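Geometric and topological summary
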Amino acid sequence: MFVDRIKVFAQAGNGGRGCVSFRREKFVPRGGPDGGDGGRGGDVILRADIHTDNLSNLFYEPIIKAKSGVHGQGKKKHGRAAVAKVIKVPIGTVVYRAEAPVPRNDDDEASTDPVAAVYDRRTPQVSELGINIPAVPAINADGGHRPPLQIADLTHDGEEFILCQGGGGGKGNVHFKSSRNRAPVQYTEGEEGEQGHFLFELRTMADAALVGYPNAGKSTLLGKLSAAHPKVAPYPFTTLYPIVGVVDFAGDYRRASIADIPGLIEGAHHNVGLGHDFLRHITRCRVLLFVLDIAGSEGRHPIEDLQNLRREIDLYDPRLSERPWFVIANKMDLPGADENLRTLHQRFPNLEVVAISASQSDGLAELRTRLEQWLFGETKRLPEETVIETAEVMVAE
Ligand SMILES: Nc1nc2c(ncn2[C@@H]2O[C@H](COP(=O)(O)OP(=O)(O)OP(=O)(O)O)[C@@H](O)[C@H]2O)c(=O)[nH]1
Ligand SMILES: [Mg+2]
């Protein structure tokens, strides 16, 4: 299972209580107070881990709780501090503070409990007024696309973030003795650990993203370029979640990571098809590689495909369309590919295109060279208007 967005409830441990105790020993009359302090509660810590590739471990355990500190004891013994609860998350996890889920209804007492509320994965309901009540409250007005208050972004292996800090331990009565109060019975409770609802969102970290319509051959290409084995099949939406492969550039000891993103279709920014959930994964990629079925083997037109893809990216986030981007014209082995490639060159003479046949492994050596140049050399950026404007001209025709 692949989980790239999940809401969790986290609670750090409470501090242990301070102890009230008096020294009682033979031949030591009125030994005085000797109550020790409570131990610290455990923190909840997130750690970016290279061996964790998604958030599925939290799907079955959306409530993260660290242990509380042990209470203090007599003979000035401090309670033991609780160990921190460390949660491994994939590199590229962004953490947002989220609102508590809305309780199911007023007379349902159980649902006011924050813990029960997390488990409340009910389906959307329609209220008496006919208004749709969402199952999980939207993070913000645009459907959670840009949630507010980002509190962490874990981008390196081993990077840690304290999500909730454990409460400090309480003080034992030994702290309250004074010349006027020789037998204090005061102590303090341990502090409460921090708690809260959070939204974890994975944004795949890769140097380049393969963006294209379903069946364009993105997974076939990633399989040929890297050691990754994404599933390849002749039906749309074979790839259901992003897969990252590492490409080695022979001779230069350089390597780059490339993400195979599930197929996009028109309206993806409105959540059509596999939707904008996956567009999120390209937001960190430095370079976008548009993979086209240049032969138009499924009755589509490759140039229109490119224009639509560019438009979807732009509608999702205009900043994304400012990234360097290039075109990989795939399926050159099929009839009609040469002609379409010529038309593409004529329409967009400045566009950098590499023609390949992923399944036949044709043109992959050139692609590697160009890829290295695109990723590590100076990149020339094509102005966005070129393709979007031409798209409008085509629609007008
Ligand atoms: N003739 C030909 N077929 C290809 C080529 N590359 C891929 N295919 C075929 O196209 C089909 C789809 O390939 P995939 O790699 O699964 O396509 P995808 O873009 O990953 O598709 P989704 O995961 O559904 O988005 C498969 O049947 C491949 O064998 C190619 O260069 N030439
Ligand atoms: Mg695929």
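First, a word on what this report is: a plain description of the structure on this page.

Basis of the calculations
Residues numbered from 1 in each chain as written. Chains lettered and ligands numbered in written order. Predicted model: local features only at pLDDT ≥ 70, side-chain atom pairs only at ≥ 80, totals over all residues. Helix = DSSP H or I, 4+ residues; strand = E, 2+ residues; numbered from the N terminus. Buried ≥ 20, exposed ≤ 12 C-beta atoms within 10 Å, placed from the backbone. Contact = placed C-beta atoms within 7 Å. Pairing = 2+ DSSP bridges. Right-handed = clockwise from strand over helix to strand, strands pointing away. Axes fitted to C-alpha atoms, helices over the stretch in contact; angles between N-to-C directions. Near = placed C-beta within 6 Å. Nonpolar A, V, L, I, M, F, W, Y, C, P; charged D, E, K, R; others polar. Arc of directions from axis to C-beta.

Mapping alanine 12 onto the fold places it in the loop between β1 (5–11) and β2 (44–49). When the 31 C-beta atoms within 10 Å are taken as the criterion, alanine 12 is described as buried. Sequence spacing of alanine 12 and glycine 193 is 181 residues, and the spatial spacing of their C-alpha atoms is 4.6 Å. Look past the residues within four positions of alanine 12 in its chain and what remains in contact with it is Gly41, Gly42, Asp43, Val44, Ala66, Cys164, Gln165, Gly166, Gly167, Gly193, Glu194 and Gln195.

Within strand β14 (residues 287–293), 6 of the 7 residues are buried, which leaves the element mostly enclosed by the surrounding structure. Alignment of strand β11 (residues 208–212) against β14, held across 5 bridges, turns out to be parallel. Bridge pairing links alanine 208 to valine 287 in β14. Here β14 pairs with strand β15 (residues 325–330) via 6 bridges, running parallel. Within the sheet, the bridge partner assigned to leucine 288 lies in β15 and is tryptophan 325. Read as a crossover between parallel neighbours, the route from β14 over helix α5 (residues 302–316) to β15 is right-handed.

What follows concerns the sheet that holds strand β4 (residues 85–90). One open sheet holds the 3 strands; their spatial order is β4-β2-β9, and the pairing between them is mixed. Among the strands making up the open sheet, the edge pair consists of β4 and β9 (160–164). Looking at each pair of strands side by side, their axes are set apart by 30 degrees on average, direction ignored. Direction of pairing for β2 relative to β4: parallel, over a ladder of 6 bridges. Bridge pairing in β4 links valine 44 to lysine 85.

Before going further, it helps to spend a moment on the sheet that holds strand β3 (residues 63–65). One open sheet holds the 5 strands; their spatial order is β3-β1-β10-β5-β8, and the pairing between them is mixed. Two strands bound the open sheet, and with one partner strand each, they are β3 and β8 (150–154). Neighbour-to-neighbour, the strand axes of the sheet open up by a mean angle of 25 degrees, direction not taken into account. As defined by bridge partners, strand β5 (residues 93–98) adjoins β8 across 4 bridges and the pair is classed as antiparallel. Along β8, the bridge assignment pairs threonine 93 with leucine 154.

Glancing now at the site of ligand 1. Neighbouring ligand 1 are 25 residues; Gly217, Ser219, Pro234, Thr239 and Gly263 lie closest to it. No other element matches the 3 residues that helix α3 (residues 218–225) contributes to the shell around ligand 1. Looking at the shell around ligand 1 residue by residue, the classes come out as 10 nonpolar, 12 polar and 3 charged.

Within the chain, lysine 76 stands out as a residue other than glycine whose phi angle is a positive 55 degrees. Tracing the chain through its elements places lysine 76 in the loop between β3 and β4. A positive phi angle, close to 70 degrees, is found at asparagine 215, a residue other than glycine. Here asparagine 215 shows up in the loop between β11 and α3. In this structure asparagine 215 comes out as buried when scored by C-beta crowding, with 21 C-beta atoms within 10 Å.

Taken across its 8 residues, α3 has 7 buried, putting it largely inside the fold. For α3, the elements touching its buried residues are β11, β12 (243–249), β13 (254–260), β14, β15 and α7 (364–376).

Here we take up the pairing of β15. Extensive coverage of β15 is indicated by the burial of 6 of its 6 residues. Bridge count between β15 and strand β16 (residues 353–355): 3 bridges; the pairing is parallel. Looking at β16, one finds that valine 327 is bridged to valine 353. Taken together, β15, helix α6 (residues 337–347) and β16 constitute a β-α-β crossover, and its handedness is right-handed.

Within α6, the full set of buried residues consists of Ala337, Asn340 and Leu344. Taken end-on, α6 shows its buried residues confined to a sector of 70 degrees, consistent with a single buried face. Exposed residues on α6 whose side chains face more than 90 degrees from its buried face are Glu339, Arg342 and Gln346.

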